[in-house]
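Chain by chain, the residues:
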Amino acid sequence: MSASSAFNEEKMGSSSVGEAEYAYDPVSGKIFSSDYNRHDDLKEMLDSNKDSLKLEAMKRIVAMIARGKNASDLFPAVVKNVACKNIEVKKLVYVYLVRYAEEQQDLALLSISTFQRGLKDPNQLIRASALRVLSSIRVTIIVPIMMLAIKEAASDMSPYVRKTAAHAIPKLYSLDPEQKDQLIEVIEKLLADKTTLVAGSVVMAFEEVCPERIDLIHKNYRKLCNLLIDVEEWGQVVIINMLTRYARTQFLNPNLNESLLEDGGSGDKTFYGSDEDEDDDEKENKEKAEAAALAKRKPYVMDPDHRLLLRNTKPLLQSRNAAVVMAVAQLYFHLAPKAEVGVIAKALVRLLRSHSEVQFVVLQNVATMTIRRRGMFEPYLKSFYIRSTDPTLIKILKLEVLTNLANETNISTILREFQTYIKSMDKDFVAATIQAIGRCATNIGEVRDTCLNGLVQLLSNRDELVVAESVVVIKKLLQMQPEKHSDIIKHMAKLTDNIQVPMARASILWLIGEYCEHVPKIAPDVLRKMAKSFTYEEDIVKLQILNLAAKLYLTNSKQTKLLTQYVLNLAKYDQNYDIRDRARFIRQLIVPTEKSGALSKYAKKLFLALKPAPVLESPFKDRDHFQLGSLSHLLNAKAGGYQELPDWPEAAPDPSVRNVEVKESVPEWTKCSSREKRKEKKVEKPFYSDSEGESGPTESADSETNSASASDSASDSEQSRSSSESEESDEGSESEEEKENKNKKKVVKKAVKESERCRISLLPTITPSGTLKSYELLHRITGEGLSVEYCFGRQPFSPDANMVAVQLQFTNNSTSETKNLHMKDVKLQSGMRVKEFPEIELLPAGDTASAVMGIDFCDSTQAANLQLTSTRKFFVSIQPPVGELMRPVFLTENEFKREQGQLMGMNELTEKLILDAKYRNEHAIVQRVTTAAHLSRVPCGSDNECRFAGRTVTSGSLVLVTVATGEEGVAQLTVNCEKMVIGTMLVKDILLALTQ
């Protein structure tokens, strides 16, 4: 019987079982279900000897899990198949086990040996799945096994398995926090991984286990920045959030000087403070000290690593993932200079076209940003206009943004929008609009009267909620200038008969009581009406009636004495104890008796004291101390697991902690004094052998060829002659067997040696054709007759090998002599150094002088800003092409291939081009490449390839260039570089040189 027919029979025989599965109802008490033989067909299929039936059963089980059905009763039948040889079945079994291993821990423990065998499976998916299942078993007894499995997986050849190991680290840490030290070692190892697949996962593990250990990030900071563009999207979010906090601890505040000026000029005073509290002399001394501190502060120069982070995250603003865009936006908001933050505005506005959940998060962040960075969103004002289809939450957030963006220029446009919004049927939205109008009136004095008049017109609205909200806002506005608006207070007093909303009634009563001297005739009558309805009012209204009675008793006791006593008597027996307490308190203060205390003398000062006008502020004002986009920012309260955003350091930490030591590969032959010792060293430690003495004659011959060619490239003809003589003497001392093996390849070896020797001897003589390219440093008009040109001489700068030699040529085109020419470094980037040239004491009219200076550009093409001084000061800048930041390095063909093999993947850039007919020969290609970059030629056995090698001057990072030519002028340029920024710019320059 075929597998399909067997399956069909199984399926037909169990059709009723399948129907019972879908018709099962827990509420029915299992009367109509057949749960006693539930899933029997699947169990039989899993017990079958045929892989096709097992695979079909597992597909059905996984489909059940996807639909949300419970398949835990199949665990024993499924776990038996974990050792199945069919790879597809095994994958699905592991998917099932990951889901139920935590629930069925006892049964999972019985198969733990099978999981351990799965960790050694040749298939990377099986190894990763086995580790995932193992880490899902939440039993402390297997912690050592899990730890061993994670350590082994962290060294796995597959990046997918290493990624799974990173995912397992937080699981093990939550199970046994005492394993933290060992897990940190694994995290440190995985952080050094250069694959993009692992980066996001290991950073997430770092955040969960040891976020305080920023020392682990130092050496990997630049690598993470460079890998960021290629990491998967959710990994990008995690890395960006982590690097935001890291940068706040390692770099200086780029807006520090601006913030100091703002703080110094704010002039804010405390609520209870007075101008007379502080002595004038102390004020002057304090201001002088602040001015002196600002004057002494050096001009801010951004750290190159700070700039690297901003530069590498900026392209992610075009990401299709909203979370990535938001992560970059919060990074720029917290880290970027004020002048550069504006780039995020367009990306955030683009996200407003997304669904409402994304809009909600974006608007939360934009509302916070607009409080400090209002200007960057002003060009996009119309993007925040409200649509009728927007949910209420989105409408209110857009209102918040519009209110924050309001200024004297656009307030008329915004108020016209608000007038439209007030007609909406959404009452919560209308109330928020009225509050927004009040905030605009508070912040912009020019429109205060206009807003107030508009709100007064709303008092005649038919909707009681609109009138009530208007009353509350008007009350706050009237506190700013009550004497000018007594008519409005009278108008509002008349509304007490109609408005029934408690907050609105309470606001009117507070206004009348606070400014009763402006309405002396109306206030007592309002109290009379309120006394009638006292027992039916809400508690908040009753409290304000008591306050109104007390204030009128103190200012107009003749008319209101009896009314006040009546109200106090009503409040004395009120059900609410707050009202009863308030009534007793007021009675003792305003009605003096023999038992009254000393406070009764100050009753007027207590009740009639001037109150400060309320400050209508945005609810997002103080949220920027939370990291934007976090749950804590959304809730405006610290959530569990939230990592605080660190304060900027006062002094810049040492940037050298992020430098990675580049270990140059020194050939073994340079460490040995004789050829015999080199041979012994090769025999003792062969590359592919685990035991001594296993290297064959072929390996020995290869090692001799490599060492001979390297020796020839490092010496002149005499040294080559002496080397060959020593080689002959060594050959005489070797065993007969080795001689026979070598003689078989003698002719080939000599031919290879001679060809390599000829090519290597040409290496030092390769120089770019023509004169060196000169650049203008100072024009004769700008320099008032003094002109300066500079070029890069490509010679070692003897005082400091890490500096680039710059040749300067001074020409005095004026009719008078120039004196005391010298250079000063003014605004160097962080890490740059300059060795000035000796001062030129006198340069006669019409004469020319030359000088050489050294500059350490820190492997960066950023300009060195300098000051040329003679009788006057001239600010100049020297910017190097990327090819001048290198020095040639001489490699053999084997060394080139070995180094190139270590710089694959993210460290390799490839471009195709079509060469012009006159540049298709080897000489032209070599000439063009060496003109564009200071590199040396590397020997190559192929006639269609040209290879070049060099190292950056400052850090010694290796740079390898290959130009491979094909038919019809088609060529491929490959650059392998440890620093991808250098590699990217070098590709552009060489392409330009080969195609011009």
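Residues numbered from 1 in each chain as written. Predicted model: local features only at pLDDT ≥ 70, side-chain atom pairs only at ≥ 80, totals over all residues. Heavy atoms only, no water.

1. Re the packing of helix 9 (residues 124-136) against helix 11 (residues 159-175)
Between helix 9 and helix 11, the shortest axis-to-axis distance is 9 Å and the interhelical angle comes to 5°. Considered as vectors, helix 9 and helix 11 are oriented roughly parallel to each other. Of the residues in helix 11, those in contact with Q124, L125, R127, A128, L131, R132, S135 and S136 of helix 9 are Y160, V161, T164, A165, A168 and K171. Along the lines of polarity and charge, the residues of the contact of helix 9 with helix 11 split into 7 nonpolar, 4 polar and 3 charged. (Axes fitted to C-alpha atoms, helices over the stretch in contact; angles between N-to-C directions. Helix = DSSP H or I, 4+ residues; strand = E, 2+ residues; numbered from the N terminus. Parallel < 35°, antiparallel > 145°, perpendicular 65-115°, else oblique. Contact = heavy atoms within 4.5 Å. Nonpolar A, V, L, I, M, F, W, Y, C, P; charged D, E, K, R; others polar.)

2. Structural notes on the side chain of N407
Locating N407 in the fold gives a position in the loop between helix 23 (392-405) and helix 24 (411-421). For N407, a relative accessible area of 11% puts it in the buried group. (Buried < 20%, exposed > 50% of the residue type's maximum accessible area, 1.4 Å probe, protein only.)

3. A few points about the packing of aromatic side chains
For the structure on display, the rule yields 13 aromatic pairs. Look at Y96 and Y100: their rings are 4.9 Å apart centre to centre, the planes differ by 45°, and that puts the pair in the tilted class. In this pair, Y96 and Y100 are both assigned in helix 6 (residues 87-100), 4 residues apart and thus about one turn of the helix distant. Here the aromatic rings of Y221 and F251 are separated by 6.0 Å at their centres, their planes lie at 65°, and the arrangement is edge-to-face. Of the two residues, Y221 is situated in helix 15 (residues 221-227) and F251 in the loop between helix 16 (233-250) and helix 17 (256-266); the sequence distance between them amounts to 30 residues. The two residues Y221 and F251 agree in class, both being buried. In this structure an aromatic cluster arises from ring pairing among F75, Y96 and Y100. The positively charged end of K475 is found above the aromatic ring belonging to W510, 4.8 Å away from the centroid. Its end group placed over the ring of Y221, R658 keeps NZ or CZ at 5.7 Å from the ring centre. (Phe/Tyr/Trp six-rings, centres within 6.5 Å; stacked < 30°, edge-to-face > 60°. Lys NZ or Arg CZ within 6 Å of the ring centre and 35° of its normal.)

4. Topic: the pairing of strand 2 (residues 786-792)
Along strand 2, 6 of the 7 residues are buried, which leaves the element largely enclosed by surrounding structure. Pairing analysis gives 3 bridges linking strand 1 (residues 775-778) to strand 2, with the strands arranged antiparallel. In the sheet register, L778 faces strand 2, and the bridge partner there is V788. Pairing of strand 2 with strand 3 (residues 804-812) involves 7 bridges; the strand directions are antiparallel. Among the inter-strand pairings, C791 is bridged to a residue of strand 3, identified as Q807. (Pairing = 2+ DSSP bridges.)

5. With respect to the environment of A523
Considering the arrangement of structural elements, one finds A523 in helix 30 (residues 522-532). The spatial distance from the C-alpha of A523 to the C-alpha of K490 is 9.0 Å, given a sequence separation of 33 residues. Discounting residues that sit within four places of it in the chain, A523 has contacts with I512, C516 and L552.

6. Concerning the environment of G235
Within the secondary structure layout, G235 lies in helix 16. Note: C-alpha distance between G235 and V324 (89 residues apart in sequence) is 9.2 Å.

7. Concerning the sheet that holds strand 5 (residues 833-835)
Whenever strands of a sheet pair, they do so through backbone hydrogen bonds, lying parallel or antiparallel. Strand order in the open sheet formed by 5 strands is 1-2-3-7-5, with antiparallel pairing between adjacent strands. The sheet is open, and its two edges are formed by strand 1 and strand 5, each paired on a single side. On average, adjacent strands in this sheet sit at an angle of 30° to one another, irrespective of strand direction.

8. Some thoughts on helix 43 (residues 980-995)
Relative to the 22 Å expected for 16 residues at 1.5 Å per residue, helix 43 spans 22 Å between its end C-alpha atoms, a close match to the ideal helical length. Taken as a whole, helix 43 has its buried residues at M980, I982, G983, L986, V987, I990, A993 and L994. Looking straight down helix 43, one finds that the buried residues subtend no more than 135° of arc, so they occupy a single side. (Expected span 1.5 Å × (residues − 1). Arc of directions from axis to C-beta.)

9. Some points on the environment of H923
Checked against the element boundaries, H923 lands in helix 42 (residues 922-932). Separated by 23 residues in the primary sequence, H923 and C946 place their C-alpha atoms 9.6 Å from one another.

10. Re unusual backbone geometry
Positive phi, close to 60°, is recorded for N636, a residue that is not glycine. Along the polypeptide, N636 turns up in the loop between helix 35 (631-635) and helix 36 (675-684). Of note, D859 is a non-glycine position whose phi angle comes to about 55°, a positive value.

11. Considerations on the packing of helix 32 (residues 557-572) against helix 33 (residues 577-590)
One way to put it is that helix 32 packs onto helix 33 with a least axis distance of 8 Å and a crossing angle of 145°. The hand of the helix 32/helix 33 crossing is left-handed. In this structure, helix 32 uses T564, L568, N569, A571 and K572 to contact helix 33, whose residues at the interface are I579, R580, A583, I586, R587 and I590. Here the residues of the contact of helix 32 with helix 33 sort into 6 nonpolar, 2 polar and 3 charged. (Left-handed = near helix turned anticlockwise from the far one by under 90°.)

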